[in-house]
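Here are the chains, one letter per residue:
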Amino acid sequence: MTDGVPARQLWRLHLEIRDHMPLWQQMLVVGSGVAAGLFISVCVLMTSGVGLSALWNEFVVFIFTNPRNLSAVMTQSAPLIIVGLAAAMAFKVRFWNIGIEGQMIFGAIGATFVATFDIGPESLRLPLMAIFAMLGGMAWIALPAILKLRLQVNEIISTLLLNYIAFNFLLHLLYGPWQDPVSSFPHSEQFAVFERLTSLNWGKLDFSLVVALGLVAVSFWLLISSRFGFLLNFIHSNPLMARAMGVRVAVLTLIAALSSGAFAGFSGFVVSAGIESRMTQSFFIGFGFSGILIAFLARNNPLTIVAVSLFVATLMIAGQSLQVFYQIPFATVQLIQAIVVICVAASEFFMRHRIRLAS
Amino acid sequence: MEFLINWLANVPGFAVPFALGAMGLIICEKSGVLNLGAEGYLLVGAMIGAGSMLTLPGHPYLALTLAALASALLSVLFAVLVVHLRVNQVISGLAIVFLAQGLTSLVAGKMGWTNRAFSGLGDIDLGPISDIPVIGLIFFRQDPIVYLTIALFIVASYVIYRTHAGLRLRAVGENPEATDAAGIPVLTYRFAAILIGGLFLGLAGGYLTVVVSKIWVDNMAGGRGWIIIALVIFARWRPWRALGGAILFGCIEALIPRVAAIGIQVPQYFVLMLPYAVTLAVMIWTSLSKEALSNDPSALGRPFVREERR
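Residues numbered from 1 in each chain as written. Chains lettered and ligands numbered in written order. Predicted model: local features only at pLDDT ≥ 70, side-chain atom pairs only at ≥ 80, totals over all residues.

### What about the overall build of chain A?
And step 1. From N to C terminus, chain A includes 13 helices and four strands.
And step 2. By the compact-globule yardstick of 21 Å for 359 residues, chain A fits well, its C-alpha radius of gyration being 22 Å.
And step 3. Considered along the principal axes of its C-alpha atoms, chain A spans approximately 80 × 60 × 35 Å.
And step 4. Here the analysis covers contacts within chain A between residues at least 6 apart in sequence; of these, 77% occur between residues at least 24 apart. (Helix = DSSP H or I, 4+ residues; strand = E, 2+ residues; numbered from the N terminus. Rg over C-alpha atoms; globule rule 2.2 N^0.38 Å. Contact = placed C-beta atoms within 7 Å.)

### As for the overall build of chain B
And step 1. Within chain B one finds 13 helices and zero strands.
And step 2. For chain B, whose C-alpha radius of gyration is 20 Å, the value lies close to the compact-globule estimate of 19 Å for 310 residues.
And step 3. Referenced to the eigenvectors of the C-alpha coordinate spread, the extents of chain B come out at roughly 60 × 50 × 40 Å.
And step 4. Within chain B, contacts between residues separated by at least 24 positions form 79% of all contacts whose residues are at least 6 apart in sequence.

### A short note on helix α5 (residues 125-151) of chain A
And step 1. An ideal rise of 1.5 Å per residue puts 39 Å on 27 residues; α5(A) measures up with 39 Å between its terminal C-alpha atoms.
And step 2. The largest bend in α5(A) comes to about 35°, at Ala142(A), with the proline Pro144(A) one to four residues further on. (Expected span 1.5 Å × (residues − 1). Bend = angle between axes of the 7 residues up to and from the residue.)

### Some thoughts on the interface of chain A and chain B
And step 1. Counting residues at the interface gives 40 residues for chain A and 40 residues for chain B.
And step 2. For the side of chain A that touches chain B, the secondary structure elements donating two or more residues are β1 (12-17), α5, α6 (155-175), α11 (287-297) and α13 (331-352) of chain A.
And step 3. Among the elements that line the side of chain A that touches chain B, the one with the most residues is α13(A), at 13 residues.
And step 4. Here the side of chain A that touches chain B is composed, by residue class, of 28 nonpolar, 10 polar and two charged. (Nonpolar A, V, L, I, M, F, W, Y, C, P; charged D, E, K, R; others polar.)

### A word on the confidence of the model for chain B
And step 1. Confidence along chain B averages 88 in pLDDT terms, with 97% of residues attaining 70 or more.
And step 2. Model confidence for the complex: the whole-complex pTM is 0.90, and ipTM, which rates the interface, is 0.89. (pLDDT = per-residue confidence, 0-100.)

### A short note on the nonpolar core
And step 1. Membership of the largest hydrophobic core comes to 212 residues, with the highest contact counts inside it found for Ile82(A), Ala22(B), Leu231(B) and Val232(B).
And step 2. If near-sequence neighbours (up to four positions away) are discounted, Ala22(B) is found in contact with Ile228(B), Leu231(B), Val232(B), Ala235(B), Ala242(B), Gly245(B) and Ala246(B). (Core = buried A, V, L, I, M, F, W, Y, C linked by C-beta atoms within 7 Å. Buried ≥ 20, exposed ≤ 12 C-beta atoms within 10 Å, placed from the backbone.)

### Observations concerning the packing of helix α1 (residues 2-30) of chain B against helix α6 (residues 144-162) of chain B
Residue and element names in this part refer to chain B.
And step 1. At a minimum axis separation of 10 Å, α1 and α6 run at an interaxial angle of 20°. Classified by the angle their axes make, α1 and α6 are roughly parallel. Two packed elements cross with a definite hand, and for α1 against α6 that hand is left-handed. Judged by residue contacts, Pro 12, Val 16, Ala 19, Leu 20, Met 23, Ile 27 and Lys 30 of α1 engage Ile 145, Val 146, Thr 149, Leu 152, Phe 153, Ala 156 and Ile 160 from α6.
And step 2. Partitioning the contact of α1 with α6 into residue classes produces 12 nonpolar, one polar and one charged. (Axes fitted to C-alpha atoms, helices over the stretch in contact; angles between N-to-C directions. Parallel < 35°, antiparallel > 145°, perpendicular 65-115°, else oblique. Left-handed = near helix turned anticlockwise from the far one by under 90°.)

Laid out in structure tokens, this is it:
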């Protein structure tokens, strides 16, 4: 690596920058990264008292032989796919949207607003809730987006701070005006049947997965094959060059950021009107980080996002049963995700560099 | 008047975590490494501090030391990722936060440290000086770490601005290529800066449990790490301005439990939003001011790759 290495050193490492790596090799590197991450996670779980056979049971047998659990994984994957798309949309223009949870909260608030005040006819209630949810999410990302574009305020911190503000606002609503009048618990009133996503009669699976896959198709077209996606790619790889070539970088960044907020708000609606059937205090927990992780691992590609979401959903469902049977805190799911991300991110070093042992 | 004295006497205790954390981040970011993991280091420090107090009661200084060391250990992972493996600093920083959130919750849960109160470090009593009305209460009846923080600020700003090592540290953050050409080991400086930053942030986290709350609750840093990051931007990487900012946030945090006492009727959750809203306002104000883009380390966030040197 350096010139003038001491003579006593018998060998040294040569680092070279790699410009290109064949796709199969890239997949091999990422695959080994994931494998290393999972190996470390298994070690962590084993040291906290979950045996190997128990892990096999919870993660493989339990999920894939029981249709009820498989349907639970599918149900869980729908909002994950949508937050993954939300993160990918923003990352495409290098807008670090860390505020997905805050936007989910405002999405759910928008949807619950429509449901609580019975806005619109019953047949149009669900679409209205969805639209208000997207508007809520967009409103909550608009401020950091404008601040970044106008004043160069760092969006990582502003979106993150808005998460805390949104959460306190949610608590204010749930302990105040929107508290459930039936049970007096701090969650909103249960949504009426026509305000919930239709069940698909397979375990808990509801219509949300269909919607999520529809959004994947739309995003695939938008990001991969449309002119809009091409311009986003341009901005991603070189914003200065894009500006110089006459691309309206600010407008496109704003559009991408707002769509990211809309997706996040929509997933808030999906969780509330689907799995939870009301707005709770904790419906959003973990989705923000999972969205970032999914988009990062999937390289912002909508199709890969589906695959990674299924993986994270399996982790979440298995994590719930680990919590019940082995007293493993649910935050461990987050720990495993973080370990996998770190390993994959570290493995990219081998994608960009060639290492040689020189004697 | 009594309200004011009471309020001000409580400010230093709330300001210390912000001040220590900001100092750590400034050292780290002066070397050109963007460290978004602050929240994670605080959590690890806080959890280890509480755990140490619960297993070895009566040794607060040991607990604080262990807190700083544990957080430094986590910062080694971050340093290897961003310095040696050249991973994106934003992704690494975020991953560190989420790793720490999961890890502290798992470890504290398994060890049975969660929600268990202990007796921590108390305030000093200088006898007659501490009994001087007003001044004694505000300045001479604090815990020892408050005074240590001031000492650390003096030492750290001397090192950064008045010594060879400090000059090199700043050079690494401004122009790593030129510094490298001058024969200064860029990667070593960055590694050391991240490590020292980890120590400071861990001490800040340990302070949160050992001195302030005297109990560990999951995720108890409550966004203070992010406020510290914003604070450093607001201070334009200047230590003494950061101390001023820390005192400002100390005032706000000390005010929160007292708002109801003044007789202002604001819904409590709006009061709890205050630190985050003020942080956001401060960030907007900072970018509006004229010196917005001056003084930040030019190479902040950019990995140093010698093979790509131009």
